[in-house]
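These are the residues of each chain, in order.
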Amino acid sequence: MAGGNAIRGSRVGAGPMGEAERGDAAPRVFVSYWCANGHQTRPSFAEEPGLAVPETWDCPRCGFPAGQDEANPPAPPKVEPYKTHLAYVKERRSDADGKAILDEALATLRERKLIQ
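Residues numbered from 1 in each chain as written. Predicted model: local features only at pLDDT ≥ 70, side-chain atom pairs only at ≥ 80, totals over all residues. Heavy atoms only, no water.

As recorded in an unreviewed UniProt entry, the protein goes by RNA polymerase-binding protein RbpA and comes from Pedococcus badiiscoriae. On record in UniProt, under Sequence similarities (unreviewed entry), the comment for the protein is "Belongs to the RNA polymerase-binding protein RbpA family." Under the UniProt heading Subunit (unreviewed entry), the entry covering the protein gives this text: "Forms a complex with the RNAP catalytic core and with free principal sigma factors." (UniProt positions renumbered as here; feature names shortened; annotations may be inferred.)

A separate point is the pattern of salt bridges. Here the structure, examined in full by the defined rule, presents 2 salt bridges. Here Glu91 ties to Lys83 by a salt bridge, and the two come within 2.4 Å at their closest N and O atoms. We note a salt bridge from Lys99 to Asp103, for which the minimum N-O separation is 3.1 Å. Of the two residues, Lys99 and Asp103 both sit in helix H3 (residues 95-111), 4 residues apart, roughly one turn of that helix. We classify Lys99 as exposed; its relative accessible area is 51%. According to the relative accessible area criterion, Asp103 is partly exposed, its value standing at 37%. (Salt bridge = Lys/Arg side-chain N within 4 Å of Asp/Glu carboxyl O. Helix = DSSP H or I, 4+ residues; strand = E, 2+ residues; numbered from the N terminus. Buried < 20%, exposed > 50% of the residue type's maximum accessible area, 1.4 Å probe, protein only.)

Under the definition given, this model contains 0 disulfides. For the unlinked cysteine Cys59, the closest cysteine sulfur is that of Cys62, found at 3.7 Å. Its relative accessible area of 4% is what places Cys59 among the buried residues. Cysteine Cys62 shares no disulfide, and the gap to the nearest cysteine sulfur, in Cys35, comes to 3.7 Å. Overall, the relative accessible area of 28% leaves Cys62 in the partly exposed class. (Disulfide = S-S within 2.5 Å.)

Here we take up H3. An ideal rise of 1.5 Å per residue puts 24 Å on 17 residues; H3 measures up with 24 Å between its terminal C-alpha atoms. Among the residues trailing H3, Lys113 stands out with phi positive, at a value near 60°. (Expected span 1.5 Å × (residues − 1).)

Our next topic: the side chain of Thr41. Here Thr41 is to be found in strand S3 (residues 40-41). Setting aside anything within four residues of it in sequence, one finds Thr41 in contact with Val31, Ser32, Tyr33, Trp57, Cys59 and Pro60. (Contact = heavy atoms within 4.5 Å.)

Turning our eyes to something else, we now look at the sheet that holds strand S6 (residues 65-67). Strand order in the open sheet made by the 4 strands is S3-S2-S6-S5, with antiparallel pairing throughout. With partners counted over all chains shown, the strands left at the sheet margins are S3 and strand S5 (56-58), one partner each. Sheet topology places S5 next to S6; 3 bridges connect them, and they run antiparallel. In the sheet register, Asp58 faces S6, and the bridge partner there is Pro65. (Pairing = 2+ DSSP bridges.)

Structure (structure tokens):
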């Protein structure tokens, strides 16, 4: 035994290889899904009683939702641009409301003599 390797080509803990030792694979159902970019995805599901196949599936290539109808795939999600805190405040308040709130806060500070 030159080198001390009695078991070559195997890992520690590796079990027997082959279908006979692992058992039989469950019967599979393949379902096709298409996204808005035309990518087809075919995930497989174990065939069993009461199988509920999802209506949509995320496309692994582009991330868009994919549906089972090739002619009418789901629309891609609408991406909203980043909004600042000020943009959200301006959606809720008009300029007149903002001026009234600012005037009230300034009046309070002037009463307390914190500003002039």
